[in-house]
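# Structural description and commentary
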2 protein chains.
Amino acid sequence: MSDASYVNPLRGVSAVDGTNKAKIERAALWLFAEHGVDGVSTKSIAQRAGVSEGLLYRYFKNKETLARELMRAIHIRLTEMIMAAASREAGLADQVSFIVRHYCEIADDDWTLFRYHILHLHHFPSLSDAAGHSSGGGWPNSPHMAAVKLLSAAMEAGVIARGDANILAAMALGVVLQPAQAKVLGAFDGPLSAHVPLFEAGVLSVLNLTKEA
Amino acid sequence: MSDASYVNPLRGVSAVDGTNKAKIERAALWLFAEHGVDGVSTKSIAQRAGVSEGLLYRYFKNKETLARELMRAIHIRLTEMIMAAASREAGLADQVSFIVRHYCEIADDDWTLFRYHILHLHHFPSLSDAAGHSSGGGWPNSPHMAAVKLLSAAMEAGVIARGDANILAAMALGVVLQPAQAKVLGAFDGPLSAHVPLFEAGVLSVLNLTKEA
DNA sequence: CCAAAATGAGTGATTACTCACTTACTTTGG
DNA sequence: CCAAAGTAAGTGAGTAATCACTCATTTTGG
């Protein structure tokens, strides 16, 4: 529970302030999440934001840039949160707890932004592709790669059995991400955070299994 | 291993035969998987299929219908596979093994179709929405709901601890689905089936945890 | 010889984006 | 103190390209 040092940064996406730029971002975000980037017209964004269509191009180079900027905000936010977990030194269980809790917190905090990330990340290959999965020693640039790095370190330290960290990271993330996707698709209501203890137990369970495999 | 009674039905999506209808379906499928329904023009489908644009409308009412028919094929296929697992009576572990193995098999068998399902199911609310999550006693019409039904029965029978079958089903599915998504996004290569034993162990591990919770 | 298959030019609607212009402030100079 | 000049914000009609879809016509195969 002692993670007061980590603050959830909300950068890139303006909160709901009065500026027209923020209005455009929130309007675009909701429409992109709902209909996908290619399913939304600049006209509809301007209408929803209550501004003229031309104004979009004062703040953003084009529609695609606007869409990418929004995606980058949540993508980086999630990635850095997992990196923050990896830098903690209270053990793997603590790191898992940290990630699960903050992941749900970030999702609940701006559900539209999170929904956009879950549903439409694949629209941006540069953020999600093999480019982002480079196994080099550099900084991980996706939640998945950050998790891989964390688990690789745990394997190195002998905390969990050695194995394919890439697959194991995906399995562990899936325990939280699939319920999130299910909620996005309407399978249940209420905050994701309500299920944090269940998710934590599930992730730890998946990680421990490698001991006997 | 004794599931010879279950045959993987490939219905709806023509295999690669010589007919122009099949050519159109395969061309559209690949483009839809790659760029999303709204990111693909009828012109590009016709070009890739090597037929005229007008021919699309002899076989399909419109672009959206074509896209939905393809999605329905894989969606129903996965749902019925899980229902087939639920009707087996050799115990939960056997059912899990059946689902994991056949899920990976279906994915590997037509990776483009599976990729389309993973990335773009949300484009069809009628297939993925709360409508498909109706908790009534009718037939489940999504993989998620079929899994919920299976786990509810297991809870009823006392095989696993009672709990929120909706969330638990999502967690269990996530152990397989998230690696699948990771592969779709390029995190690793090779067939999904290569990891079946690991997935099986992971799913069982997640399900057993409820015993002590 | 004809019905079904296939074509591709054509339709009106919609697209992302531009640009000449207005409006609302702020800064400057006497 | 205040008019003039300058600047950034905002507008919306306009543009060329593309969109999904239609249909009169031609090709094909039995």
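For the structure itself, look to the data block above.
So, here's what we can say about the structure. (Residues numbered from 1 in each chain as written. Chains lettered and ligands numbered in written order. Predicted model: local features only at pLDDT ≥ 70, side-chain atom pairs only at ≥ 80, totals over all residues. Heavy atoms only, no water.)

Helices and strands together make up the secondary structure of chain A, namely 10 helices and 0 strands. Its helices and strands in sequence order give chain A the pattern α-α-α-α-α-α-α-α-α-α, from N to C terminus. In chain A, which comprises 213 residues, the share counted as buried stands at 54%. Of the roughly 9,300 Å² of accessible surface on chain A, 54% is carried by carbon and sulfur atoms. (Helix = DSSP H or I, 4+ residues; strand = E, 2+ residues; numbered from the N terminus. Buried < 20%, exposed > 50% of the residue type's maximum accessible area, 1.4 Å probe, protein only. Areas by Shrake-Rupley, 256 points an atom, 1.4 Å probe, with all protein chains shown as cover.)

The immediate surroundings of DNA strand C are formed by 15 residues, with A:Thr42, A:Lys63, B:Asn20, B:Ser52 and B:Tyr59 found nearest. Backbone sugar and phosphate groups make up 59% of those atoms of DNA strand C lying within 4 Å of the protein. Contact distances for DNA strand C include 2.8 Å between a phosphate oxygen and a side-chain N or O atom of A:Lys63. Side-chain polar atom of B:Asn20 to a phosphate oxygen of DNA strand C: 2.6 Å apart, as the coordinates give it. Considering only residue class, the surface near DNA strand C consists of 5 nonpolar, 7 polar and 3 charged. (Near = heavy atom within 4 Å. Polar contact = N/O pair within 3.5 Å; in protein donor to acceptor, adjacent residues only side chain to side chain. Nonpolar A, V, L, I, M, F, W, Y, C, P; charged D, E, K, R; others polar.)

Time to look at the pattern of salt bridges. All names here are of chain A. Within the structure shown, the criterion is met by 10 salt bridges over all chains. Across the salt bridge formed by Glu34 and Arg115, the nearest N and O atoms sit 2.5 Å from each other. One end of the pair, Glu34, is in helix α1 (residues 20–35); the other, Arg115, is in helix α6 (residues 111–120), and 81 residues separate them in sequence. Overall, Glu34 belongs to the partly exposed group, its relative accessible area being 36%. (Salt bridge = Lys/Arg side-chain N within 4 Å of Asp/Glu carboxyl O.)

With that out of the way, let us pick up the packing of aromatic side chains. Residue and element names in this part refer to chain A. Using the criterion set out here, one finds 8 aromatic pairs over all chains in the structure. Look at Phe32 and Tyr116: their rings are 6.1 Å apart centre to centre, the planes differ by 25 degrees, and that puts the pair in the stacked class. Placement of the pair is Phe32 in helix α1 and Tyr116 in helix α6, with a sequence separation of 84 residues. Take Phe32: its relative accessible area is 0%, and that puts it in the buried class. (Phe/Tyr/Trp six-rings, centres within 6.5 Å; stacked < 30°, edge-to-face > 60°.)

In the vicinity of DNA strand D, 15 residues are found, and the nearest of them are A:Asn20, A:Ser52, A:Tyr59, B:Thr42 and B:Lys63. Considering DNA strand D, the proportion of its atoms within 4 Å of the protein that are sugar or phosphate atoms stands at 52%. B:Glu53 has a polar side-chain atom sitting 3.2 Å from a base nitrogen of DNA strand D. Note that a phosphate oxygen of DNA strand D is positioned 3.0 Å from one of the side-chain N or O atoms of B:Tyr57. A class-by-class count of the residues in the surface near DNA strand D yields 5 nonpolar, 7 polar and 3 charged.

At the junction of the two partners, chain B supplies 36 residues and chain A supplies 36 residues. Summed over both partners, the interface of chain B with chain A buries about 2,900 Å², with 71% contributed by carbon and sulfur atoms. If you look at where chain B meets chain A, you find 0 salt bridges. Linking chain B with chain A are 5 residue pairs in polar contact (both at pLDDT 80 or more). Put simply, the parts of the chain that give the side of chain B that touches chain A at least two residues each are α6 (111–120), α9 (165–184) and α10 (196–212) of chain B. A per-element tally of the side of chain B that touches chain A places α9(B) first, with 11 residues. For the side of chain B that touches chain A, a count of residues per class yields 19 nonpolar, 14 polar and 3 charged. (Contact = heavy atoms within 4.5 Å. Buried area = accessible area lost by both parts, 1.4 Å probe.)

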